[in-house]
Amino acid sequence: MASAAEQLAANLNFSSFANATELKKRIWFTLGALIVYRIGTYIPVPGVDATVMGQLLARHQGGILGMFDMFTGGALGRMTVFALNIMPYISASIIVQLMSAAIPSLEALKKEGEGGRRKLNEYTRYLTVVIALFQAYGIAIGLENMHTEAGSAVVSPGMFFIVSCVLTLVGGTMFLMWLGEQITSRGVGNGISLIIFAGIVANLPNALASLFQLGYTGALSPFFVLVFLVLAAITIAFIVFMELAQRRVVIQYPKRQVGQRMFGGDSTHMPLKVNTAGSIPPIFASSVLLIPVTIAGFVNNSSMPGWLSFLGQELGQGQPLYMLFYAAMIVFFSYFYAAVTFNPQETAENLRKQGGFVPGIRPGANTAAFFDRILTRITTIGALYLVAVCLLPQILISHYNVPFYFGGTSLIIIVTVTIDTVTQVQSHLVAHQYQGLMRRGRGRKGRVR
């Protein structure tokens, strides 16, 4: 049975949105911040030849550069101040989350409430700076060593270029981190996710144009283009279904008598998402597997070690070994992240302290084992879903030259961020209606008096 909030949300209409002044301010702030982000993706890093950089990116499109350029909305291909985008912050936040499950002191901070979360956020920012420095320095050195028929990627190589490039890229990442936090606190949705979402969506029209161009020139048959679009729509619908799918565990609270009145006895449910990890497993798997390929592309073939040359060939996109390792790492990160974010023992203990229990399951260790069994089963379903969604586009990309933006990772990010943003908008509308009902209720009480 739907709750009162769900029933109220189902009755929302456009008039309630038009009257929600605070929500409209948040939406306009979010749009303004995203416009600032898109402007920054066109401000170039000083000293980089954009023409040469475009040729280099086209050459390494199948490597990690192509994937990062997708996340940055083309900023890496144009080598702009936001070339690193928000990826160092995402890596730092995931590392801190994983370490908080392995290091007791960080785990204690995680349980301290708001103060502990602020401290963990501070550690995340420091780690973001460190990761951004390493990545920016690697990009600066790599740019100086890149050459094409049109010339060198760097106009004036040297220490001055390296320092200016590192400072520019790190500053761009820190600005985007601050901008994402501002969107989260003063706008609608998760700011970091919306920045990545905006970068992917901004280049979707170009990807569609490339797809239609392939059909127009005969590289792809029109029938295949039509089938691909239908398949993409079915895939998006499937992703929406799986991202909203959850296992609802019934929780019962016993009745208790206080004086002459009876309290409690309510029944609720604990929702466990089928895909607990979201888009993190495919992002991490892609990053790890594409590093050898990208390094192999940067290193001179004559000085390349034999093992690195082998990895560069066998772990190329579309190769059987790449597909096998890609699927295995998605499954691994799905289980690992689910184990980090949901602790069955801690959840069972909290339920026992609150007097709640799962019907038919004894509180304590039996409840923890029950949660662990359910989490294992739904994580298996979620991992297989991620593998299917991510591998099918990889096959299309490698065999039919489908534009890279139609990858499974990008589709998952688009769907999950859209669902989260729409949910937050709906929450603001529900809160606005509740406030209106409370004001009308107070007005009636005043008239009665």
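Everything numeric in this text was worked out from a predicted model, so none of it was measured.

Reading the values: the criteria
Residues numbered from 1 in each chain as written. Predicted model: local features only at pLDDT ≥ 70, side-chain atom pairs only at ≥ 80, totals over all residues. Heavy atoms only, no water. Helix = DSSP H or I, 4+ residues; strand = E, 2+ residues; numbered from the N terminus. Buried < 20%, exposed > 50% of the residue type's maximum accessible area, 1.4 Å probe, protein only. Contact = heavy atoms within 4.5 Å. Areas by Shrake-Rupley, 256 points an atom, 1.4 Å probe, with all protein chains shown as cover. Salt bridge = Lys/Arg side-chain N within 4 Å of Asp/Glu carboxyl O. Core = buried A, V, L, I, M, F, W, Y, C linked by side-chain atoms within 4.5 Å. Domains from an automatic or database assignment. pLDDT = per-residue confidence, 0-100. Axes fitted to C-alpha atoms, helices over the stretch in contact; angles between N-to-C directions. Parallel < 35°, antiparallel > 145°, perpendicular 65-115°, else oblique. Left-handed = near helix turned anticlockwise from the far one by under 90°. Expected span 1.5 Å × (residues − 1). Phe/Tyr/Trp six-rings, centres within 6.5 Å; stacked < 30°, edge-to-face > 60°. Patch = residues over 30% accessible without salt bridge, like charges linked within 9 Å, V, L, I, M, F, W, Y side chains within 5 Å. Nonpolar A, V, L, I, M, F, W, Y, C, P; charged D, E, K, R; others polar.

K.L.:
I'm lost on the overall build of the protein in this one. Help?
P.N.:
When you go through the protein residue by residue, the secondary structure sums to 19 helices and 6 strands. Classification of the 449 residues of the protein by burial places 44% in the buried group. Expressed as a percentage of contacts within the protein between residues at least 6 apart in sequence, the contacts between residues at least 24 apart total 73%. Surface summary for the protein: the accessible area is close to 23500 Å², and the carbon and sulfur share equals 64%.

K.L.:
What am I meant to see in the pattern of salt bridges here?
P.N.:
Two side chains with opposite charge may pair up if their charged atoms get near one another. Applying the stated criterion across every chain yields a total of 5 salt bridges. Notably, a salt bridge pairs Arg26 with Glu22, separated by 3.6 Å at the nearest N-O pair. Taken together, the residues span about one helical turn, with Arg26 and Glu22 both in helix 3 (residues 21-40) at a distance of 4 residues. Judged by its relative accessible area of 18%, Arg26 is buried. Judged by relative accessible area, which is 49%, Glu22 ranks as partly exposed. Glu122 serves as the salt-bridge partner of Lys119, at 3.8 Å between the closest nitrogen and oxygen. Taken together, the residues span about one helical turn, with Lys119 and Glu122 both in helix 9 (residues 114-144) at a distance of 3 residues. By relative accessible area, which is 34% here, Lys119 ends up partly exposed.

K.L.:
Looking at this model, I keep getting lost on the nonpolar core. Mind explaining?
P.N.:
Ranked by size, the top nonpolar core spans 54 residues in total, and within it Phe71, Ile86, Ile196 and Tyr326 carry the most contacts. It is helix 16 (residues 320-341) that provides the largest number of residues to this core, a total of 8 residues. For this core, the two domains that each supply at least three residues are domain 1 (19-202) and domain 2 (219-427). Residues contacting Ile86, with those up to four places away along its chain left out, are Thr173, Leu176, Met177, Ile192 and Ile196.

K.L.:
I'm lost on the confidence of the model for the protein in this one. Help?
P.N.:
The predicted structure's coordinates, where accompanied by low pLDDT, should not be read in detail. For the protein, per-residue confidence averages 78 on the pLDDT scale, and residues scoring 70 or more make up 76% of the total. Mean pLDDT across the elements of the protein ranges from a minimum in helix 1 (residues 4-10), with 46, to a maximum in helix 10 (residues 159-186), with 91. Ignoring residues within four places in sequence, the model shows residues 1-9, a span with pLDDT below 50, making 11 contacts including any to other chains.

K.L.:
Teacher, can you tell me more about the packing of helix 3 against helix 11 (residues 191-202) here?
P.N.:
Packed helix pairs are specified by the crossing angle of their axes together with the interaxial distance, meaning the distance between the axes. At a minimum axis separation of 10 Å, helix 3 and helix 11 run at an interaxial angle of 60°. As summarised for this structure, helix 3 and helix 11 are arranged oblique, according to the angle between their axes. Regarding helix 3 and helix 11, the two cross each other, and that crossing is right-handed. Residues Thr30, Leu34, Tyr37 and Arg38 of helix 3 pack against Leu194, Ile195, Ala198, Gly199 and Ala202 of helix 11.

K.L.:
Looking at this structure, how should I read helix 16?
P.N.:
Think of an α-helix as 3.6 residues a turn; residues three or four steps apart then line up on the same face. Between its terminal C-alpha atoms helix 16 stretches 32 Å, which fits the 32 Å expected from 22 residues at 1.5 Å a residue. For helix 16, the full list of buried residues reads Tyr322, Met323, Tyr326, Ala327, Met329, Ile330, Phe333, Ser334, Tyr337, Ala338 and Val340.

K.L.:
When you look at the packing of aromatic side chains in this model, what are you seeing that I'm missing?
P.N.:
When we look at a pair of aromatic rings, we describe it by the centre distance and by the angle of the planes. This model, assessed by the stated rule, comprises 8 aromatic pairs. Between Phe175 and Trp178, the ring centres sit 5.9 Å apart and the planes meet at 35°, which makes this aromatic pair tilted. In this pair, Phe175 and Trp178 both sit in helix 10, 3 residues apart, roughly one turn of the helix. What makes Phe175 partly exposed here is its relative accessible area of 33%. Look at Phe332 and Phe333: their rings are 5.3 Å apart centre to centre, the planes differ by 65°, and that puts the pair in the edge-to-face class.

K.L.:
In this structure, what is going on with the environment of Leu167? I would like to understand it.
P.N.:
Here Leu167 lies in helix 10. On the accessibility criterion, Leu167 (60% relative accessible area) is exposed. With 34 residues separating them in the primary sequence, Leu167 and Leu133 have C-alpha atoms 8.3 Å apart.

K.L.:
Help me out: how do you make sense of a nonpolar patch on the surface in this one?
P.N.:
Together, Ile35, Ile39 and Ile43 line one region of the surface with nonpolar side chains, adding up to about 280 Å² of accessible area. Here Ile43 lies in the loop between helix 3 and helix 4 (50-59).

K.L.:
How do you make sense of unusual backbone geometry when you look at a structure like this?
P.N.:
Residues apart from glycine generally show negative phi values, whereas peptide bonds are mostly found in trans. In the Ramachandran plot, Asn85 falls in the positive-phi region, its phi being about 55° despite a non-glycine side chain. Summarising the element assignment, Asn85 is placed in the loop between helix 6 (75-78) and helix 7 (87-102). Its relative accessible area of 1% is what places Asn85 among the buried residues.

K.L.:
Before we go on, may I ask you to explain the packing of helix 3 against helix 10 in this structure?
P.N.:
Remark: helix 3 packs on helix 10, axes separated minimally by 9 Å, with the N-to-C direction vectors making an angle of 170°. Classed by the angle they form, the pair helix 3 and helix 10 counts as roughly antiparallel. Every pair of crossing elements has a handedness; the one defined by helix 3 and helix 10 is left-handed. For the pair formed by helix 3 and helix 10, the contact residues are Arg26, Phe29, Thr30, Ala33, Leu34, Val36 and Tyr37 on the first element and Phe175, Leu176, Leu179, Gln182, Ile183, Ser185 and Arg186 on the second. Split into classes, the residues belonging to the contact of helix 3 with helix 10 amount to 9 nonpolar, 3 polar and 2 charged.

K.L.:
Explain the environment of Gln252 here, please?
P.N.:
Within the secondary structure layout, Gln252 lies in strand 3 (residues 246-252). In the structure, Gln252 is positioned 104 residues away from Gly356 in sequence and 5.6 Å away in space, judged by C-alpha atoms.

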